Amino acid sequence: MTRSRTAAIAGALGIACALSVPTTAFAKGPGGSQFDVEGDNQKDGGRTLESRIVYSGATGGSKAKRSGGFTPVGDWSPPACWYEPKWTPDEFAEEFQKDWDIPNASGVGEAYNLAKEHYKNGRPYKDFNKSETGKGMWWDAVRDQDREESGDPAAFACDTATFWVENGKTPNVKNAVTPEILAQLAYSRIKVPDTKITLAPEDITKVNLPTWAWLDKATFKDVSVTASLDVAGLDISATTTAKPVSLRLEPGTSDAETYPASGECLMNDDDSIGAPYARGKAGETPPCGIKYLRSSGDGTYKLRATITWDVSWTGTGGAGGDLPDGTFGTTQDVTVQEIQSVNRSN
């Protein structure tokens, strides 16, 4: 069964459930009509419209999905589903009808007939509201594809079936798109640079020898993603910005000490982290670095360097605020050798 047909069935089942409860404001069911977000806003050559939200900035390219490594601190996560304007009356009519070929005996046929009554036969909408073309749009649920496919319950919290909203109005429905929701969705698409730090000595160091670590100020700069939605009288946007604030070093072994002892190297006033090693500093303690206490033998230690990013957003109408910090880390191999001593005999 195709995804669009599955969506249509889910929408019809939602209508069937809702119509049995007259006080329900909007039809609710096991998922409503659902459409997954890919980030490029179209799928299958444009035949199946997904999200109308447009992303720009540090997204990693037009084909990028959600960031695979930029991780919120704590248990916060971006929205797994939300509602946005999706269909004109003609578009919804085409989407609703194009894949239906269901025997009434299946039980789904009855649900379809109830949905048809609801959207087409005037109870309460007639012919998918085509007489109101240009005055509003059908709103629908959009789901984060990865979280939907993993069975995350949050992806199925948007269980309101397709509903009509006049242009310029905001529906009184939980998870209806707002600048703040756009900011949170932009968060999930931020791409930050790999965290490869500069070491001295580089790659190969000695036991009990302080290894200096630093990041040049030109390497790590603020990155931002803007999410915007301009349809159905809505013209809203939000820009989410991540600013690097600290570097955490994890030596890859318990036989090591970090500088500072916490392993957290804070950003300098000039936006660099740590300090480059220079001739004459051999006797100094690095402001950011590691001292390995044991050789890595025939292998290497996996040094993990993780940047913490402070995240904030601004949006339409002066909205804005803070979002949870994000982290992104990478590993690099470090070889630690014993210091060779030379014995001389007289």
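For clarity, every value in this text was computed on a predicted model and none was experimentally measured.

Re the side chain of Gln332
If you trace the backbone, Gln332 turns up in strand S19 (residues 320–337). Among the polar contacts listed, one links the side chain of Gln332 to the backbone nitrogen of Ile197, at a separation of 3.3 Å. Those residues in contact with Gln332 that sit more than four places away from it in its chain are Thr195, Lys196, Ile197, Leu199, Tyr301, Lys302 and Leu303.

Some remarks on the pattern of salt bridges
Oppositely charged side chains are able to pair whenever their charged atoms sit close together. This structure, assessed with the given rule, holds eleven salt bridges. Its salt-bridge partner being Lys130, residue Asp127 comes within 3.9 Å of it at the nearest N-O pair. Taking relative accessible area as the criterion, Asp127 reaches 31% and is therefore assigned partly exposed. For Lys130, a relative accessible area of 32% gives the class partly exposed. Its salt-bridge partner being Lys302, residue Asp333 comes within 2.7 Å of it at the nearest N-O pair. A residue pair is termed long-range when its members are at least 10 positions apart, and Asp333 in strand S19 and Lys302 in strand S18 (residues 301–315) qualify at 31 residues. Overall, the relative accessible area of 48% leaves Lys302 in the partly exposed class. What emerges from the salt-bridge pattern is a single network uniting Asp90, Asp127 and Lys130.

Overview of the nonpolar core
Phe70, Val177, Ile197, Leu247, Leu249 and Trp309 are the most contacted members of the largest nonpolar core, which totals 60 residues. It is S18 that provides the largest number of residues to this core, a total of seven residues. Setting aside residues no more than four positions away along its own chain, Leu247 makes contact with Thr195, Ile197, Leu215, Gly263, Glu264, Cys265, Ile273, Cys288, Ala305, Thr306 and Ile307. One finds Phe92, Phe96, Tyr112 and Tyr119 within the second-largest nonpolar core, a separate group that totals twelve residues.

Points about helix H5 (residues 179–187)
The buried fraction of H5 is high, at eight of nine residues. Turning to H5, its buried residues are Pro179, Ile181, Leu182, Ala183, Gln184, Leu185, Ala186 and Tyr187.

About the thresholds
- Residues numbered from 1 in each chain as written.
- Predicted model: local features only at pLDDT ≥ 70, side-chain atom pairs only at ≥ 80, totals over all residues.
- Heavy atoms only, no water.
- Helix = DSSP H or I, 4+ residues; strand = E, 2+ residues; numbered from the N terminus.
- Polar contact = N/O pair within 3.5 Å; in protein donor to acceptor, adjacent residues only side chain to side chain.
- Contact = heavy atoms within 4.5 Å.
- Salt bridge = Lys/Arg side-chain N within 4 Å of Asp/Glu carboxyl O.
- Buried < 20%, exposed > 50% of the residue type's maximum accessible area, 1.4 Å probe, protein only.
- Core = buried A, V, L, I, M, F, W, Y, C linked by side-chain atoms within 4.5 Å.

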